[in-house]
Structures are given as C-alpha cells and as structure tokens.
Amino acid sequence: MGKQWVRAQIKRNEVQNAVDGAISWVAANRRTAGIAGGCAAAAVLLGLLLLYSYRARRNDAWNQLSLANGLAYSGQIDAAIKTADELDAKYPSSDASGYGLLLAGDILYSRERFAESVKYYQRLLDKDQPKVLMPFALTDLAEALEADNKCPEATQTAERFLAAYPDNFLAPQTHAALARCQLALGQLDAAKAALQKIALQYPDTSWAAWAQARLKSLSEPGK
C-alpha cells in the first residue's frame, strides 16, 4: 500500500507541475501570444485541470476502498460497510465502488447476515461494473439467496450465471449451489442432472468427488 501511495503522489505532482507551468506561461504571455495562442493555452490548461481532477477523484476512490478493507480486517464491520456505502455514494461510476459493494456483501455473508448481503450483491449487479466482478456477484448472490432459504431465486440466479459464464472458474461452485437448491425444492431429476454435469465436466476435482458422493446417496434405497 505504501508504494502505491507514493506512485499516486508522484502522478499527482507531475500533473500539478504541468498545471502550474501552464498557468505561468499564460500569465507571462497573455499580451504577446495573441488570440489563437491564448485559446490554445486555455484549452491545454483546461485539459490539464480536468485530468488532474479525474486522477485525484480516482485515487481518492481507491484510497476509500483501502480504508474499508482496513476497517474490515480490524474487525470494525459496521464502519467498513458504512465506508463502502459512502464510496458508492460519492463515486458511483468508479470501479472502486463496485469492489466496495462486493466487499460489503462478503463481510455480511461471513457474518451470516444473508438477507443484507443479498442487497449488496444485487446493487453490484445493477451497477453492472466493473465487468470483471459480475461473475463473482452472481455466484455470491446465488449462495446468499440459498443461505437465506430463498432457493427459487437462488436457482434462477445460478442458471443466469451458468448461461452467461459457463467456462468461468466459479462454474462448478455455482453448479453445486444449483443442485443443492434443486434438491431442497424437490426437483430430484434436475438435481441429479446438475450433479452428473459436475462429475463429468470437472473430473479429478473436489467438486466431482462431492457430486459423485451426492449421486450415490440419492441412489440408495429410501432416497
């Protein structure tokens, strides 16, 4: 984190130096540059100011995410979630806000506050950015819904994930959530199909071993 902060400060100083230089140039040449030169300098200055503002806001968003992480690791759960909420409210279009929502959802899930975690995963999905987090949001939402005894919704979410990301490394985990919910809903044939798919598609993995064990138990008399 220290090195990242130093790099951020260097970038900020570089932009600030450029802005200061442009301001000085305009001040020194405002009488001789002429209209065209003055307009060009103004455009450059405006561009530099916008770039500086963007970089400052972006760095502040990531710094706030880092603060939320630090609070979570130190056990200050409510403060971490509040910081993630403030990050999303202040910088809703930043990638950092998406990571903050995922962090808040994971914190709540780990505390078995499943209904609350669902809200954060859904907020991330509604935001639809950054794209790299969408598979995580869907899988986590499916498992949170399952844990909250909402298997119909969990099944729909798992199927949505598998349709969109069939080759994602989270797919076996999502297949498992789907199979568990189908069993809970009494959809025995569908659950067996899901378990068979896990066993066939992910051989020599713990997921395959788990699926085979479940299939064996379901084939026993009385199951």
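Counting of residues starts from 1 at the beginning of each chain's written sequence and follows it residue by residue. Local features are withheld for residues below a pLDDT of 70 in this predicted model, meaning they are given only at 70 or higher, and side-chain atom pairs are given and counted only at 80 or more; totals for whole chains, interfaces and linings count all residues. The side-chain numbers reported here are obtained from all heavy atoms of the structure, hydrogens and water having been left aside.

**Re helix H4 (residues 95-110)**
With 16 residues, H4 extends 23 Å from end C-alpha to end C-alpha; this agrees with the ideal 22 Å at 1.5 Å per step. Ala96, Ser97, Gly98, Gly100, Leu101, Leu102, Leu103, Ala104, Gly105, Ile107 and Leu108 are the residues of H4 that are buried. Segments assigned H or I by DSSP are reported as helices when at least four residues long, segments assigned E as strands when at least two residues long, and all are numbered from the N terminus. One or two positions beyond H4, positive phi appears at glutamate 112, with a value near 60°. Helix span, expected: 1.5 Å multiplied by one less than the number of residues in the helix. Between buried and exposed lies partly exposed: a residue is buried under 20% and exposed over 50% of the maximum accessible area for its type, with that area taken using a 1.4 Å probe on protein chains only.

**Observations concerning the packing of aromatic side chains**
Only rings of Phe, Tyr and Trp enter the pairing, Trp through its six-membered ring, and a pair is recorded when the two centres are within 6.5 Å. The plane angle decides the type: under 30 degrees is stacked, over 60 is edge-to-face, the rest tilted. With the rule as written, the count across this model stands at four aromatic pairs. Arranged with centres 5.7 Å apart and planes meeting at 50°, the rings of tryptophan 62 and tyrosine 99 form a pair that is tilted. Of this pair, tryptophan 62 sits in helix H2 (residues 34-73) while tyrosine 99 is found in helix H4, placing the two residues 37 residues apart along the sequence. By relative accessible area, which is 36% here, tryptophan 62 ends up partly exposed. Summarising the aromatic geometry, the rings of tyrosine 109 and phenylalanine 114 are spaced 5.1 Å apart at their centres and angled 65° between planes, so their arrangement reads as edge-to-face. Residue classification places tyrosine 109 among the partly exposed positions, given a relative accessible area of 29%. On the basis of relative accessible area, phenylalanine 114 is assigned to the buried category, the value being 17%.

**Here's the deal with the nonpolar core**
As used here, the term nonpolar core means buried Ala, Val, Leu, Ile, Met, Phe, Trp, Tyr and Cys residues forming a set that is joined through side-chain atoms within 4.5 Å. Core analysis: the largest hydrophobic core is formed by 45 residues, its most contacted members being Ile81, Ile107 and Leu124. Looking at this core, the element that brings in the most residues is helix H6 (residues 134-147), giving seven residues. It only takes one pair of heavy atoms within 4.5 Å for two residues to be counted as in contact. Not counting chain neighbours up to four residues away, the residues in contact with isoleucine 81 comprise Ala104, Ile107, Leu108 and Tyr120. One finds Ala61, Leu65, Tyr91 and Ala96 within the second-largest nonpolar core, a separate group that totals five residues.

**Examining unusual backbone geometry**
A cis amide bond links glutamine 129 to the next residue, proline 130, at an omega of -5°. Among the structural elements, proline 130 can be located in the loop between helix H5 (114-127) and H6. Although it is not a glycine, glutamate 112 adopts a positive phi angle of roughly 60°. By the element assignment, glutamate 112 lies in the loop between H4 and H5. What makes glutamate 112 exposed here is its relative accessible area of 61%. Despite not being glycine, aspartate 128 shows a phi value in the positive range, around 60°.

Honestly, that's just the spatial picture; any functional story needs more than this.
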